[in-house]
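Each chain is listed here by its residues.
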Amino acid sequence: MELYGIYVLWLRDLKRYIRARSRIIGSLGMPIFFLAFLGIGFRRAQIPSLPENLSYIDFLAPGIVSMVVLFTGTFSGVSIVWDRQFGFLREIMVSPLSRTTISLGRTIGGATTAIIQGTLMLFVSFLVGFRPALDGLIYSMFFMVLIAISFTGLGIAISTLMEDIHGFQLVINFFLFPLFFLSGALFPISELPPFLRSLTYLNPLTYGVDGMRWSLVRFSEFSPLVDLSVLFVFSVFVILLSTFMFERTEVG
Amino acid sequence: MKIVMRGEELQPVAIRVENLSKDFGSLRAVNSVSFEVVSGEVFGLLGPNGAGKTTLIKMLCTLLKPTSGKAEIAGFDIVKNPSEVRKNIGIVFQEPTLDVELTAKENLDFHGRLYGMDGKKRNERIKEVLKLVGLEDRADELVKKFSGGMQRRLEIARGFMHFPKVLFLDEPTLGLDVQTRRKIWEYIDKVRKEEDITIILTTHYIEEAENLCDRVAIIDHGNIIALDTVERLKNRVGEDSIEIVTEGDVSDFIELMKSANLRVVRTEEGLMVSAGEAERLIPQIFSLANKNGIVIKSVSLKKSSLEDVFILLTGRKIREESSSGALHVMRARRMGR
């Protein structure tokens, strides 16, 4: 019953996702422009900590794909606030499903849409000239899944602290963008001064981006096993956290 | 399931509430309320906005935890066994809770799945409930294209789709125009006739309680101040009532009437006399006023309603006539949170 409940919630998320075609395209706009214009603009820049044979666009693309997964995942987690605002959450809360099931169902549903968006972005990046190692596509999936679950779960945890949707802009500007900029997605973290660099070590997305980059272009600043373990531990922590916080919310 | 004597037959109790209370900080929203609802009954909670109706419903639906007291739905305790309670109830909230991005059918399908109905059963039932609320032609339309009345009908259909034993309707016609409201009443009546279900509804519309309910509990400030069949509640104020507004103070007039053995209470505007065939009393009242130099400004005769019962018990009206409908809705919604 509970497993089936997770499936039902997942199915709803997916149905809504597929139906909102303009949102699928729209939300890919910004990352595509990031990739295209930064990639072209910096294509001849010399970055000391990058190997000679690695072009900037190859360095950048895994970061941009991670960005898409980060943003989509967090958005769909936080979108529980919409459901609360428009009342639909109540329909779920009075059903026989347990709170844990509800929170897990939303996490898996949101993570799935984030993974689809990330994969779409990966394909789009081929058009801009990104040429990843083909076998790396499989490894990159593991990292995408972990990034997606971590940040969808984190989005749900954040949503339990929000009263209404007005806090959304705050989440984007003061949570998502700093996470993104301090993850090594746009430049190697070894280029950062020591203080900022130590911040990136605390950022779970750093390990996601690094793992993606290792998978796709075989360049990384940490060992991929370190990336994988840190992300795995973090995603388990986030699932426990979001379930715990969701458990305590009253929809009244 | 426990049974109680009621009339000649034995009927199972669908809802049993014992001394249920809910505090919000220092405010007591529901104060030691007790009642029983028998299977198959339509039970109304009538009272002004903010009387505690919605809070009471939310406790029974396991959305809020009671401060004290207990309640059972279909034999399951709302605190000890919330998931069993949830399986046995359907709810239509004041605020819409549909997914407007999905079609009517998809909303119902999702609901059926949430309650563990299998595919075949679900599809049959979706057709059945859509037909009952007259939406069978709109099954595949997105809910955001529905009018307010249609959305409400869909919510009611969804509420009883999974064969709940008890259906809760919280202000089912709030914010709807009069015509739509009558339409909704027809559908609720149909549900009650065609489904094996107990309905408990809250309302602050007198006509709604009178039209739909077998028994009504009148609630004010978190207390049940009267509970009986609509008929017997009305009998408390007699068949009719006369509202009188006089010039100056009404206290003396009230005393005079009392000494003439009339049942009279003070209201906000003046006074109200309750009696069987009240029109026969009008000449007597006028001569009483003339003899004592009291000037009557206006007289109105009314068929008795539950409104009068409420006035008799509290000295106030359930609805303030002056406030606009829209304001009303807004306030009610806020109270609901």
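Note that the structure is a prediction, hence the values are computed from the model and not measured. (Residues numbered from 1 in each chain as written. Chains lettered and ligands numbered in written order. Predicted model: local features only at pLDDT ≥ 70, side-chain atom pairs only at ≥ 80, totals over all residues. Heavy atoms only, no water.)

Trainee: Is there a simple way to think about the pattern of salt bridges in this case?
Mentor: Any two side chains of opposite charge can pair, given that their charged atoms come close. Residues and elements named next belong to chain A. Considering all chains together, one arrives at 27 salt bridges over all chains under this definition. The closest approach of N and O atoms between Asp83 and Arg12, which form a salt bridge, is 3.1 Å. Of this pair, Asp83 sits in helix H4 (residues 80-85) while Arg12 sits in helix H1 (residues 2-19); the two residues are 71 residues apart in sequence, bridging distant segments of the chain. The same class applies to Asp83 as to Arg12, namely buried. (Salt bridge = Lys/Arg side-chain N within 4 Å of Asp/Glu carboxyl O. Helix = DSSP H or I, 4+ residues; strand = E, 2+ residues; numbered from the N terminus. Buried < 20%, exposed > 50% of the residue type's maximum accessible area, 1.4 Å probe, protein only.)

Trainee: Would you take a moment to explain the interface of chain B and chain A for this structure?
Mentor: Many analyses report the size of an interface as the accessible area lost when the parts associate. Listed by partner, the interface residues are 32 residues for chain B and 25 residues for chain A. Interface area for chain B against chain A, summed over the two sides, is near 2,500 Å², with a carbon-plus-sulfur share of 58%. Counting across the interface, chain B meets chain A through 5 salt bridges. For Arg90 of chain A, the salt bridge is made with Glu95 of chain B, and the minimal N-O distance between the two is 2.8 Å. Between the two partners, chain B and chain A, sit 9 residue pairs in polar contact (both at pLDDT 80 or more). (Contact = heavy atoms within 4.5 Å. Buried area = accessible area lost by both parts, 1.4 Å probe. Polar contact = N/O pair within 3.5 Å; in protein donor to acceptor, adjacent residues only side chain to side chain.)

Trainee: Help me understand the pairing of strand E11 (residues 223-229) of chain B in this model?
Mentor: Consecutive side chains along a regular strand alternate between the two faces of the sheet. Residues and elements named next belong to chain B. Two elements, strand E10 (residues 215-220) and E11, share 6 bridges in a ladder whose sense is antiparallel. The partner of Asp220 across the bridge, within E11, is Asn223. Connecting the antiparallel pair E10 and E11 is a turn made up of 2 residues, with His221 showing a positive phi of about 50 degrees. (Pairing = 2+ DSSP bridges.)

Trainee: It is not clear to me how the layout of surface pockets should be interpreted in this structure. Could you clarify?
Mentor: Over the atoms, a rolled probe matching the size of one water molecule traces out where space is still vacant. Residues and elements named next belong to chain A. Approximately 1,300 Å³ is the volume attributed to the largest pocket. Lining the largest pocket are 49 residues, with Arg16, Ser79, Trp82, Asp83 and Arg106 positioned closest to its centre. Of the residues in the lining of the largest pocket, the class split is 20 nonpolar, 15 polar and 14 charged. (1 Å grid on protein atoms, 1.4 Å probe; cavity = no way out; pocket = protein on both sides within 12 Å on 5 of 7 lines; lining within 4 Å. Points joined across faces, edges and corners; volume = space filled by probe spheres on them. Nonpolar A, V, L, I, M, F, W, Y, C, P; charged D, E, K, R; others polar.)

Trainee: What's the story with the sheet that holds strand E14 (residues 271-275) of chain B in this structure? I'm lost.
Mentor: Within a sheet, each strand pairs with its neighbour through backbone hydrogen bonds, oriented either parallel or antiparallel. Residue and element names in this part refer to chain B. If you trace the 4 strands from one edge of the open sheet to the other, you get E13-E14-E12-E15, paired in antiparallel fashion. Each edge of the sheet is formed by a strand with only one pairing partner; in this case those strands are strand E13 (263-266) and strand E15 (296-303). Neighbour-to-neighbour, the strand axes of the sheet open up by a mean angle of 20 degrees, direction not taken into account. Pairing analysis gives 5 bridges linking strand E12 (residues 240-246) to E14, with the strands arranged antiparallel. Looking across to E14, one finds that Ser241 is bridged to Ser274. On top of the sheet, helix H9 (residues 251-259) reaches E12, E13, E14 and E15; it is set at about 165 degrees to E13, its chief contact. Sitting on the sheet, helix H10 (residues 282-291) is in contact with E12, E14 and E15, with an inclination near 160 degrees to E15. (Axes fitted to C-alpha atoms, helices over the stretch in contact; angles between N-to-C directions.)

Trainee: Is there a simple way to explain the packing of aromatic side chains in this structure?
Mentor: The relation between two aromatic rings is expressed through the spacing of the ring centres and the mutual angle of the planes. All names here are of chain A. In total, this model carries 21 aromatic pairs over all chains according to the counting rule given. With centroids separated by 5.7 Å and ring planes inclined at 65 degrees, the aromatic side chains of Phe42 and Tyr56 adopt a geometry described as edge-to-face. Of the two residues, Phe42 is situated in the loop between helix H2 (21-41) and helix H3 (56-78) and Tyr56 in helix H3; the sequence distance between them amounts to 14 residues. By relative accessible area, Phe42 is classed as partly exposed at 40%. Where Phe234 meets Phe237, the ring centres are 6.4 Å apart and the plane angle is 40 degrees; that geometry is what we call tilted. Note that Phe234 and Phe237 are positioned in helix H11 (residues 224-247) at a spacing of 3 residues, about one turn of the helix. For Phe234, a relative accessible area of 17% corresponds to the buried category. (Phe/Tyr/Trp six-rings, centres within 6.5 Å; stacked < 30°, edge-to-face > 60°.)

Trainee: What exactly am I supposed to notice about the side chain of Arg86 of chain B here?
Mentor: You can see Arg86 of chain B is positioned in helix H2 (residues 82-87). Within the buried set, Arg86 of chain B has no salt-bridge partner at all; the shortest N-O distance to an opposite charge, 8.6 Å, is to Glu247 of chain A. Here Arg86 of chain B is in contact with Met93, Val94, Ser95, Pro96, Leu97 and Arg99 of chain A together with Thr62 and Tyr115 of chain B, once residues within four sequence places are set aside. (Lys, Arg positive; Asp, Glu negative; His and termini not counted.)

Trainee: Teacher, can you tell me more about the side chain of Arg181 of chain B here?
Mentor: All names here are of chain B. Assignment of secondary structure puts Arg181 in helix H6 (residues 178-194). Nearest to the buried, unbridged Arg181 among oppositely charged side chains is Glu207, at 4.5 Å. Here Arg181 is in contact with Thr173, Leu176, Tyr205, Glu207 and Glu208, once residues within four sequence places are set aside.

Trainee: How do you make sense of unusual backbone geometry when you look at a structure like this?
Mentor: In terms of backbone geometry, most residues other than glycine have negative phi values and most peptide bonds are trans. The phi angle at Arg218 of chain A is positive, at roughly 55 degrees, despite the residue not being glycine. Tracing the backbone through its elements, the reader meets Arg218 of chain A in the loop between helix H10 (204-217) and H11. Within the chain, Glu171 of chain B stands out as a residue other than glycine whose phi angle is a positive 50 degrees. Tracing the backbone shows Glu171 of chain B in the loop between strand E8 (166-170) and H6.

Trainee: Is there a simple way to explain the nonpolar core in this structure?
Mentor: A general trend in soluble globular proteins is that nonpolar side chains are found buried together. With 51 residues, the main nonpolar core has Ile64, Leu70, Phe71, Phe151 and Phe180 of chain A as its most contacted residues. Elements supplying a minimum of two residues to this core: H2, H3, helix H6 (99-127), helix H7 (136-159), helix H8 (168-181), H10 and H11 of chain A. At 13 residues, the largest contribution of residues to this core is made by H3 of chain A. In terms of nonpolar packing, the next biggest core, distinct from the first, is built from 47 residues, Leu167, Ile206, Ile218 and Val230 of chain B among them. (Core = buried A, V, L, I, M, F, W, Y, C linked by side-chain atoms within 4.5 Å.)

Trainee: I tried to follow H6 of chain B on my own but got confused; where do I start?
Mentor: Residues spaced three or four apart along an α-helix point in a common direction, a consequence of the helix completing one turn every 3.6 residues. Residues and elements named next belong to chain B. The terminal C-alpha atoms of H6, which comprises 17 residues, lie 24 Å apart, in line with the 24 Å expected from a rise of 1.5 Å per residue. Within the sequence span of H6, burial applies to Thr180, Arg181, Ile184, Trp185, Tyr187, Ile188 and Val191. Burial along H6 is one-sided: seen end-on, the buried residues are contained in an arc of 165 degrees. Facing away from the buried side of H6 by over 90 degrees, the exposed positions are Val178, Gln179, Glu186, Lys193 and Glu194. Against helix H4 (119-132), helix H5 (148-161), E8, strand E9 (198-203) and helix H7 (206-212) lie the buried residues of H6. The opening residue of H6 is Asp177, an N-cap whose side-chain oxygen sits 3.2 Å from the backbone nitrogen of Gln179. (Expected span 1.5 Å × (residues − 1). Arc of directions from axis to C-beta.)

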